[in-house]
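Fold and contact review
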Amino acid sequence: MTRIPGTVYRVGGAVRDRLLGLPVHERDWVVVGSTPEAMRAAGFRPVGKDFPVFLHPQTREEYALARTERKTAPGYHGFSFHAAPDVSLEDDLRRRDLTVNAIAQSSDGTLIDPYGGQSDLANRLLRHVSPAFAEDPVRILRVARFAARFAPLGFRVADPTLALMQQMVEAGEVDALVPERVWQELARALTEAAPRAFFETLRACGALARLIPELDRLWGVPQPPQYHPEIDTGDHVMRVLDQAVLLSTDPAVRFAALLHDLGKGTTPPAHWPSHHGHEQRGEGLVLDICARLKAPHEFRDLARLVAREHGNVHRALELRPATVLKLLETSDAFRRPERFAAALLACTADARGRPGHERDAYPQAAYLQRALDAARAVAAQPLLERGLHGPELAAALRRERIAAIAGLNPDDPSGKEPLGGC
């Protein structure tokens, strides 16, 4: 086995999660009292150019030399690092973001916790280690993501840390964040147990208004109370996100649920609480956000589809068969049935994202899936055998598909409250 030059400690998430009784998926190590030259001589391979981090030759786990940091410019690229044998473990832990991530464990199991991480674990607090937290705006995103991960365990952001994050936003630090890093943290947050906490934390410190103003402006915008007992649109989208988490682990579905009602934020206040045409306005805002954050196409395409069509999906049981077919066609459901199924999940989350409706049935989704199956089952070959081609073939195929949909006998929605509202 490779001998590691220096004293090795387990650090970070592996220690934190073990203390919380959670599964440990990856282990990080810090090496005190060593040099890059000694690590390379022992067979460790350097990772990148910016940090003194090395891969173990057998386990491929990361071993970082104990280091200190000093900010040299605005943003999060302007840092200089000092890694040398005289850097202590406490020095290294001091540069970390949160106290719960600044606990180390020696080879004999002893915990080294100079900044009160164990106490904060017990009290369910996400608290910054030192004022140096303010030097890196990425930490605002990381704290919000940790809030999304640990909210089900009762964790919250400590008041002094939230105040420091607010000061960072006011100082313009978040404006230095590059889109790729914002998207990386947002996408990871969407996979966590309670992603709503990510957005609520960003909103609480003012960062959401800087990063995704189209979403931030939804709070305070009213909706018709007969459809939305929660009234506030911001409250609604958080509830919809909660429902999407229950329905799907796909972060694209959760993203689409989050952004489905952006158009309501552009409704003139004189028209409140009605939001006529918000679907079309919302589609454009989704495209703006995805372009700005450089979101992957699969996230963008699903989110714009849900923003544009969720009203039609909610009204599916009331639509004529020809209109149902048009919905399937404009949704590209024939070529992309998996994406259409994902859109139906986001619409189901929208319908259930209202107080008292969390367990409602959503027959629209089943009906539209049946309509798609019926329309796709219509074969073109018999029409070709009748000598139909070109526009005549297309028209006949469309008539056959409408007839197939018409034969489905959807549930009669008369007298029922539309599940989706508006």
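Every residue gets a number counted from 1 within its own chain, in the order that chain's sequence is written. A pLDDT threshold of at least 70 governs which residues receive local features in this predicted model, and a stricter bar of 80 or more applies before side-chain atom pairs are shown or counted, although totals over entire chains, interfaces and linings include all residues. Here the side-chain values reflect all heavy atoms present in the structure, with hydrogen atoms and water set aside.

Focus: helix 19 (residues 390-406)
The test is simple: Strands are runs of DSSP state E lasting at least 2 residues, helices are runs of H or I lasting at least 4, and numbering of each runs from the N terminus. What a helix is expected to span follows from its residue count: subtract one and scale by 1.5 Å. Only protein chains enter the calculation, and the probe is 1.4 Å; a residue is then buried if its accessible area is under 20% of its type maximum, exposed if over 50%, and partly exposed in between. We call two residues in contact whenever any of their non-hydrogen atoms come within 4.5 Å of each other.
For helix 19, built from 17 residues, the straight-helix expectation of 24 Å at 1.5 Å per residue is met to within 8% by its first-to-last C-alpha distance of 25 Å. Residues of helix 19 that are buried include every one of L393, A396, L397, R401 and I405, and no others. On its buried side, helix 19 packs onto helix 15 (321-330), helix 17 (363-376) and helix 18 (381-385).

Examining the environment of S106
For clarity, the cut-off: In protein, a polar contact requires one atom able to donate a hydrogen and another able to accept it; more generally it is a pair of N or O atoms within 3.5 Å, and residues adjacent in sequence count only if both atoms are side-chain atoms.
Of note, S106 is situated in the loop between strand 8 (104-105) and strand 9 (111-112). When its relative accessible area of 15% is taken as the criterion, S106 is described as buried. The residues contacting S106, other than those within four sequence positions of it, are Y9 and I112. For S106, the side chain forms a polar contact with the side chain of D108, separated by 2.4 Å.

Regarding the pattern of salt bridges
Rule in force here: In the sections that follow, a salt bridge refers to a side-chain nitrogen of Lys or Arg positioned within 4 Å of a carboxyl oxygen of Asp or Glu.
This model, assessed by the stated rule, comprises 26 salt bridges. One salt bridge in this structure joins K264 and D261, with 3.0 Å as the shortest N-O distance. The same class applies to K264 and to D261, which are both buried. Here E309 and R308 are joined by a salt bridge, their closest N and O atoms 2.8 Å apart. Here E309 falls in the buried class, since its relative accessible area comes to 8%.

Let's talk about the side chain of E185
Along the chain, E185 falls in helix 7 (residues 179-190). Not counting residues up to four positions away in its chain, the partners in contact with E185 are L141, R142, R145 and F198.

Brief notes about the packing of helix 13 (residues 278-293) against helix 14 (residues 297-314)
What counts is decided by this rule: Working convention: axes come from line fits to C-alpha atoms, limited for helices to the stretch in contact. Angles between N-to-C directions cover 0 to 180 degrees. Any angle from 65 to 115 degrees is called roughly perpendicular, while one under 35 is roughly parallel, one over 145 is roughly antiparallel, and all others are oblique. Throughout, the ten residues Ala, Val, Leu, Ile, Met, Phe, Trp, Tyr, Cys and Pro are labelled nonpolar, Asp, Glu, Lys and Arg are labelled charged, and all others, Gly among them, are labelled polar.
The interhelical angle for the contact between helix 13 and helix 14, taken along N-to-C directions, is 170 degrees, at an axis separation of 7 Å. For the element pair helix 13 / helix 14, the angle class is roughly antiparallel. On the side of helix 13, the interface is formed by H278, E279, Q280, G282, E283, V286, L287 and C290, while helix 14 contributes R300, A303, R304, A307, R308, H310 and G311. The class makeup of the residues in the contact of helix 13 with helix 14 is 5 nonpolar, 5 polar and 5 charged.

Observations regarding the nonpolar core
Applied cut-off: Note on terminology: a nonpolar core comprises buried Ala, Val, Leu, Ile, Met, Phe, Trp, Tyr and Cys residues joined through side-chain atoms within 4.5 Å.
Counting 92 residues, the largest nonpolar core has F199 and L215 as its most contacted members. In terms of residue count, helix 5 (residues 138-150) provides more of this core than any other element does, 9 residues in total. Not counting residues within four places of it along the chain, the set of residues in contact with L215 comprises F199, L208, V237, L258 and L262. Ranked by size, the runner-up nonpolar core spans 13 residues in total, among them V30, V87, A104 and I112.

Focus on the sheet that holds strand 8
Hydrogen bonding along the main chain pairs the strands of a sheet, whether they run parallel or antiparallel. Rules: At least two DSSP bridges between two strands are needed for those strands to be called paired.
Read across the sheet, 7 strands follow the order 3-4-5-2-1-8-9 without closing on themselves; strand pairing throughout is mixed. Two strands lie at the open edges of the sheet, namely strand 3 (45-46) and strand 9, each paired on one side alone. Inspection of the sheet shows strand 1 (residues 7-11) paired to strand 8 by 2 bridges, in the antiparallel sense. Within strand 8, the residue paired with V11 across the bridge is A104.

Functional significance is not addressed by these values, which are geometric in nature.
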